[in-house]
Amino acid sequence: MLKLTFLTSITALMVLGIILELLRRRQLREKYAFLWMSVGLVVLILGFLPRLLDSVAAMLGVASGVSLVLFLGVIFLLLVSIHLSWEVSRLEEETRTLAEEIALIRTEFTRQSGELAERRQVE
Amino acid sequence: MINNKQVLIIMPAWNEAGCIGDTVREIRSELPGADVLVVDDGSADDTAHVAQAAGAAVARLPYNLGVGGAMRLGYRYARSAGYDVAIQIDADGQHDPRYVPKLVDALSEASLVIGARFAGEGSYCVRGLRRWSMAVLAFAISKMAKAKLTDTTSGFRACDRALIDLFAGWYPMEYLGDTVETLIRVARLHYRIQQIPVAMRNRAAGMPSQSLSKSVLYTGRAFFILLLAVVRR
């Protein structure tokens with residue numbers, strides 16, 4: 001039991017440390033900062049008190065608090081990856097639009113510099 | 001001008017330096033009244049220069065987006081320059097530009113005209129699973145469009161101003177999205193779609209892939225697109 005608490009609390013501290021470091025270096029956008037800070041906090045609490053959810057688990061008919069945490073963790077990760085897919089789709093659409101803009105600007109630029117060169121030749 | 005309409009030929013090209021020059025020159029001699037825009041889809045070779053030297057306007061994308069991505073750029077160009085008709089033609093020269101006036105004529109009765117490969121002219125053929133799934137797609141889309149369409153994956157098509165506007169804002173990038181999905185959306189928005197039989201010429205390089213795994217993949221994607229397009233808003 002003590003060994004388990006040792007393992008989970010060390011892991012929790014490491015996760016929280018990584019999140020804080022990324023925030024400190026401004027590598028993580030603020031909109032994600034709150035989410036991950038909360039996750040870090042929950043992980044920390046559960047890390048030091050892995051039996052905290054045993055009563056809740058019993059109420060829901062789950063054999064142990066640890067299983068409940070595992071279940072919720074999987075659901076949470078699933079939601080996060082769906083969210084990331086959504087973000088990537090949106091970003092791809094944005095970069096696509098930017099690429100089109102660049103191509104249109106290049107075309108316009110080539111056309112205008114061609115006209116300019118012609119006018120110079122006439123003069 | 002072709003039949004009193006400002007016509008833009010949009011030609012998506014990816015690493016086609018070998019044949020794009022001839023294709024552009026042929027179109028310009030066959031159709032002196034039309035403008036040609038080559039969309040260089042992030043080519044690593046000399047496609048853009050060759051096309052420009054042959055007399056086409058060139059829009060060069062900074063990286064490869066695929067046919068659908070190149071086409072949306074073409075339609076945006078057509079919209080901002082105010083063209084009446086936009087026609088998609090392959091860069092490899094398999095589409096005969098002499099059919100273009102026929103396509104433009106047919107636009108008086110429909111918003112989208114497809115140059116169809118199986119509709120009697122020429123000897124284009126595919127076999128097996130791919131043929132079967134193409135037939136099912138053609139059947140389903142014909143029902144939606146209330147018109148007989150036999151070739152839903154043709155990259156030879158013409159559209160009018162209303163659809164240039166639509167396609168400039170929305171054009172799928174995924175494989176088959178640029179052909180099948182656009183047809184479904186256009187049909188569901190109640191625009192008229194028509195087809196004109198065209199003969200294909202042999203491709204300058206390469207043949208459409210015929211391996212079984214590719215055919216299975218093709219079929220799966222085709223039906224996934226059909227399903228998505230039907231449930232999408």
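Residues numbered from 1 in each chain as written. Chains lettered and ligands numbered in written order. Predicted model: local features only at pLDDT ≥ 70, side-chain atom pairs only at ≥ 80, totals over all residues.

A.B. asks: Let's hear about the domain arrangement of chain A: which residues, and what values?
C.D. replies: Structurally, chain A comprises domain 1 (1-52) and domain 2 (66-123). Taking the mean C-alpha position of each, domain 1 of chain A and domain 2 of chain A sit 33 Å from one another. (Domains from an automatic or database assignment.)

A.B. asks: Could you give an account of the packing of helix α5 (residues 128-145) of chain B against helix α7 (residues 177-188) of chain B, naming the residues involved and the relevant values?
C.D. replies: Residues and elements named next belong to chain B. It is at 8 Å that the axes of α5 and α7 come closest, and there the two elements cross at 20°. Comparing the axis directions of α5 and α7 gives the class roughly parallel. Taken as a pair, α5 and α7 cross one another with a handedness that is left-handed. Of the residues in α7, those touching α5 at Leu137, Ile141, Met144 and Ala145 are Val180, Leu183, Ile184, Ala187 and Arg188. Counted by class, the contact of α5 with α7 contains eight nonpolar, no polar and one charged residues. (Axes fitted to C-alpha atoms, helices over the stretch in contact; angles between N-to-C directions. Helix = DSSP H or I, 4+ residues; strand = E, 2+ residues; numbered from the N terminus. Parallel < 35°, antiparallel > 145°, perpendicular 65-115°, else oblique. Left-handed = near helix turned anticlockwise from the far one by under 90°. Contact = placed C-beta atoms within 7 Å. Nonpolar A, V, L, I, M, F, W, Y, C, P; charged D, E, K, R; others polar.)

A.B. asks: Report on helix α3 (residues 67-81) of chain B, specifying residues and quantitative values.
C.D. replies: Residue and element names in this part refer to chain B. The end-to-end C-alpha separation of α3 is 21 Å, in line with the 21 Å expected for 15 residues at 1.5 Å each. Counting buried positions along α3 yields 12 of 15 residues, so the element is predominantly enclosed. Buried residues of α3: Val67, Gly68, Gly69, Ala70, Met71, Arg72, Leu73, Gly74, Tyr75, Arg76, Tyr77 and Ala78, and no others. Where α3 ends, the next residue or the one after it, Gly82, has phi of about 75°, a positive value. (Expected span 1.5 Å × (residues − 1). Buried ≥ 20, exposed ≤ 12 C-beta atoms within 10 Å, placed from the backbone.)

A.B. asks: Help me get a handle on the environment of Asp41 of chain B, residues and values and all.
C.D. replies: Residues and elements named next belong to chain B. By the secondary structure assignment, Asp41 is in the loop between β2 (35-40) and α2 (47-53). Take Asp41: there are 26 C-beta atoms within 10 Å of it, and that puts it in the buried class. For the pair Asp41 and Pro12, spaced 29 residues apart in sequence, the C-alpha to C-alpha distance is 6.7 Å. Not counting residues within four places of it along the chain, the set of residues in contact with Asp41 comprises Pro12, Ala13, Trp14, Leu61, Asn64, Leu65, Gly69 and Ala70.

A.B. asks: Explain the environment of Ala106 of chain B to me, and be specific about the residues and the numbers.
C.D. replies: Residue and element names in this part refer to chain B. Along the chain, the position of Ala106 falls in helix α4 (residues 100-106). Ala106 sits 88 residues away from Gln194 along the chain, and the two C-alpha atoms are 7.6 Å apart. In this view, Ala106 contacts Val113, Gln194 and Ile196; residues no more than four positions away in its chain are not counted.

A.B. asks: If you had to explain the interface of chain B and chain A to someone new, which residues and values would you point to?
C.D. replies: Facing the 14 residues of chain B at the interface are eight residues of chain A. Listing elements by their share of the side of chain B that touches chain A, those giving two or more residues are β3 (57-60) and α3 of chain B. In terms of residues, the side of chain B that touches chain A owes the most to one element, α3 of chain B, which gives five residues. When grouped by side-chain class, the residues that make up the side of chain B that touches chain A number 10 nonpolar, one polar and three charged.

A.B. asks: Kindly report on the sheet that holds strand β6 (residues 157-159) of chain B, identifying the contributing residues and their values.
C.D. replies: All names here are of chain B. Reading across the sheet, the seven strands line up as β3-β2-β1-β4-β6-β5-β7 and stay open at both edges, with mixed pairing between neighbours. Every interior strand has two partners, whereas the edge strands, β3 and β7 (193-197), have only one. Recorded for the sheet is a direction-independent mean angle of 20° between the axes of neighbouring strands. Relative to β2, strand β1 (residues 7-13) runs parallel, the two sharing six bridges. When the bridges of β2 are listed, Pro12 appears paired with Val39. (Pairing = 2+ DSSP bridges.)

A.B. asks: Summarise the confidence of the model for chain B; cite the residues concerned and give the values.
C.D. replies: When pLDDT is averaged along chain B, the result is 88; 91% of the residues meet or exceed 70. Predicted as a complex, the structure gets a pTM of 0.84 and an ipTM equal to 0.82. (pLDDT = per-residue confidence, 0-100.)

A.B. asks: Any chance you could break down the environment of Leu73 of chain B for me, citing the residues and the numbers?
C.D. replies: Structurally, Leu73 of chain B can be placed in helix α3. You can call Leu73 of chain B buried: it has 31 C-beta atoms within 10 Å. A sequence separation of 159 residues divides Leu73 of chain B from Arg232 of chain B, and the C-alpha atoms of the two residues are 23 Å apart. Not counting chain neighbours up to four residues away, the residues in contact with Leu73 of chain B comprise Glu100 and Ala103 of chain A together with Val39, Ala59 and Leu61 of chain B.

A.B. asks: Describe in detail the packing of α5 of chain B against helix α8 (residues 212-231) of chain B, supporting the description with residues and values.
C.D. replies: The angle between the axes and the distance between the axes are what describe a pair of packed helices. Residue and element names in this part refer to chain B. Where α5 contacts α8, the axes come no closer than 8 Å and their chain directions differ by 15°. Put simply, α5 runs roughly parallel to α8. Along this stretch, α5 crosses α8, giving a crossing that reads as left-handed. Residues Gly128, Leu129, Arg130, Ser133, Leu137 and Ala140 of α5 form the contact with α8, whose own contacting residues are Ser215, Val216, Tyr218, Thr219, Ala222 and Leu226. Across the contact of α5 with α8, the residue classes break down as seven nonpolar, four polar and one charged.

A.B. asks: Could you give an account of helix α1 (residues 17-30) of chain B, with specific residues and numbers?
C.D. replies: Since the α-helix advances by 3.6 residues per turn, residues separated by three or four positions end up pointing in the same direction. Taking 1.5 Å of rise per residue, 14 residues should cover 20 Å, and α1 of chain B covers 21 Å from first to last C-alpha, within 8% of that figure. Every buried residue of α1 of chain B is accounted for by Ile20, Gly21, Thr23, Val24 and Ile27 of chain B.

A.B. asks: Quick rundown of the pairing of β3 of chain B? Include the residues and the values.
C.D. replies: Residues and elements named next belong to chain B. Of the strand pairs in this sheet, β2 and β3 are connected by four bridges, and their pairing is parallel. By the bridge assignment for β3, Val39 is matched with Ala59. This β-α-β element, β2 to α2 to β3, shows right-handed connectivity. (Right-handed = clockwise from strand over helix to strand, strands pointing away.)

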